[in-house]
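Structural description and commentary
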Amino acid sequence: MTTMTSAVTLPPGPTAPRAVQGAYALTQPLRGMRRLKERHGDAFTVNVPIFGHAVVISDPAEIKQLFTSGPDLVDNLEVNLGRVLGPHSMFALSGGEHKRQRKLLVPPFHGRRLAAYEQIVEEETLRELASWPDGKAFATLPSMMRITLNAILRAVFGAEGAEFAELRELLPPFVTLGSRLAVAPISKKGRFNPWRRFERMRREYDAIVDRLIAKARPDGDDVLSMMLQTRYDDGSGLSRDEISDQLLTLLTAGHETTATTLAWAVERLRRHPTLLAELHDDDGKLLDATILEVQRTRPVIDLTARQVKQDGFRLGRWTLPKGYAVLVSIALIHDDDAVFPHAATFDPHRFEGARPDLYQWIPFGGGTRRCLGAAFATMEMTVVLRTLLREFDLVPTAERGERWHSRGVAYAPAKGGRAIVRRRSTGGDS
């Protein structure tokens, strides 16, 4: 049970000035987290740009307590992705308004409706795989980006024709710029800065969404059509601004992250030939476990966060003051041998026949702010990898694993998940 008290008790941490700690966080993000844990323990206090004073945690019990605490105690960060995704984004909302909108947006991403999108994902995968070179090394990340973007534009935006083509051209640089601005302490003031370009692109995006809303069919299966039909308890619907922000949120949260995980999957599979052979005779269970293990060992987002809303919030061993951020390090708990035995070993069999604890395996975050599109992303990854392994043999490699490379928000394989593939002579039958 969470208790409140006025005495502040913070974990130890570095004492360097904020600017120095911020430079360290930017230049040594993952390695720096591991070094801080080695030096200070599984919880430590930092002072960095954007987050300010923050406590980083990786203890399973403390993470569970954080995720299950109510919004009156801990809630959304005051500085969040809403500044790039819009004030109606799920990332920007808190308290009752967050709960109210989340209730409306959950149904399109589950059950029968989710299964209906599988065909779209397979079609886009086959379209992209047709361009893959046989026997020649290439980076798979660009392909995965195109697959996930096209699938989201069709399944979520309901885009086709001119709007589909325009969004395909606009969104990749738009999302890339937004990802960089989200983690860079750059003011919106000043005539010549990246925010001006971002705002121009945002206006172009909004104009396309307006046209999609005008064209949407009441009986459409895409998420946009369902958004237009859904109603709050008082009978009102989502506004145009809410729809525009939420569509951008769904795309941003589900496009680059899913594509990057797929590139990491290729990178991992090529270095585990025995697993590759097993997957060709798989009934689906090992593939499911492999996706879970890729996300455990190569989480593309390292932090999920909350902000303390009441003075004296008791979190496990610590008592935190109002305004402090609490950052959960996904990589640190995923790398913990006490949580995942032999954590440094890539072993999908650990998840065969067992679902992960969602307070310990947390690539999608957790609690009431867990990623809304987690089920959609999992479906996408399953369909893409299943189709890839049906159509191609991935050529194994003895090369060292690819390094982590920060793309702003997501961590990608430094060489883009390079692959050499051979088209399967069986014509697609495994």
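Just so it is clear, the structure is predicted and the values come from calculations on it, not from any experiment.

Mapping Arg83 onto the fold places it in helix H4 (residues 82-85). When the C-alpha atoms of Arg83 and Leu262 are compared, they prove to be 28 Å apart, with 179 residues separating the residues in sequence.

Take the sheet that holds strand E3 (residues 74-75) next. What the 5 strands build is an open sheet, ordered E1-E2-E8-E5-E3; its pairing is mixed. The open sheet has two edge strands with one neighbour each: strand E1 (43-48) and E3. With 2 bridges connecting them, E3 and strand E5 (residues 303-308) associate as antiparallel partners. By the bridge assignment for E5, Val74 is matched with Val308. Helix H2 (residues 29-40) contacts E1, strand E2 (52-57) and E5 of the sheet and is inclined by roughly 130 degrees relative to E1.

We now examine a negative patch on the surface. Together, Glu278, Asp283, Asp288 and Glu352 make up a region of like negative charge exposed at the surface. If you trace the backbone, Asp288 turns up in helix H15 (residues 285-297).

A word on the pattern of salt bridges. Once their charged atoms are close, side chains differing in charge can pair, the charge on each being opposite to the other. Inspection of every chain in the model, using the stated rule, returns 32 salt bridges. Notably, a salt bridge pairs Arg422 with Asp134, separated by 3.6 Å at the nearest N-O pair. Note that Arg422 is positioned in strand E13 (residues 421-423) and Asp134 in the loop between helix H7 (118-129) and strand E4 (138-139), a separation of 288 residues in sequence. The class of Arg422 is partly exposed, set by a relative accessible area of 43%. We classify Asp134 as partly exposed; its relative accessible area is 47%. For Glu293, the salt bridge goes to Arg350, with nearest N and O atoms at 3.1 Å. Taken together, the positions of Glu293 in helix H15 and Arg350 in the loop between helix H16 (330-334) and helix H17 (374-391) put the pair 57 residues apart, joining distant regions of the chain. On the basis of relative accessibility, which here comes to 21%, the residue Arg350 falls in the partly exposed class.

Our focus in this paragraph is the nonpolar core. Within the largest apolar cluster, 114 residues are counted, with the highest numbers of intra-cluster contacts made by Phe157 and Tyr205. Per element, the largest residue contribution to this core is 10 residues, and it comes from H17. Counting residues in hydrophobic clusters, the runner-up holds 12 residues, among them Val46, Ala54, Leu77 and Ala325.

Calculation rules
- Along each chain, numbering runs from 1 in the same order as the chain's sequence is written.
- In keeping with the predicted nature of the model, local features appear solely for residues at pLDDT of at least 70, side-chain atom pairs appear and are counted solely at 80 or more, and the whole-chain, interface and lining totals rest on all residues.
- Hydrogens are left out, water is left out, and the side-chain values use all remaining heavy atoms of the structure.
- Helical segments are the DSSP runs of H or I of at least four residues, strand segments are the runs of E of at least two, and each set is numbered from the N terminus.
- DSSP bridges decide pairing: two strands pair if at least two such bridges lie between them.
- Contacts are residue-level and defined by heavy atoms, with any inter-residue pair within 4.5 Å sufficient.
- Working convention: axes come from line fits to C-alpha atoms, limited for helices to the stretch in contact. Angles between N-to-C directions cover 0 to 180 degrees.
- Residues enter patches when they are more than 30% accessible in relative terms and free of salt bridges; like-charged ones are connected within 9 Å and nonpolar ones (Val, Leu, Ile, Met, Phe, Trp, Tyr) within 5 Å.
- Each accessible area is a Shrake-Rupley result for a 1.4 Å probe, and residues are judged covered by the shown protein chains and nothing else.
- Definition used for salt bridges: Asp or Glu carboxyl oxygen within 4 Å of a side-chain nitrogen of Lys or Arg.
- Only four residue types enter the charge count: Lys and Arg as positive, Asp and Glu as negative, with His and the chain ends excluded.
- A single reference atom marks each charge: NZ on Lys, CZ on Arg, CG on Asp, CD on Glu.
- Working definition: with a 1.4 Å probe on protein chains only, accessible area under 20% of the residue-type maximum means buried, over 50% means exposed, and in between means partly exposed.
- Among the buried residues, those of types Ala, Val, Leu, Ile, Met, Phe, Trp, Tyr and Cys that are joined through side-chain atoms within 4.5 Å form a nonpolar core.

The values are spatial; any link to function lies outside them.
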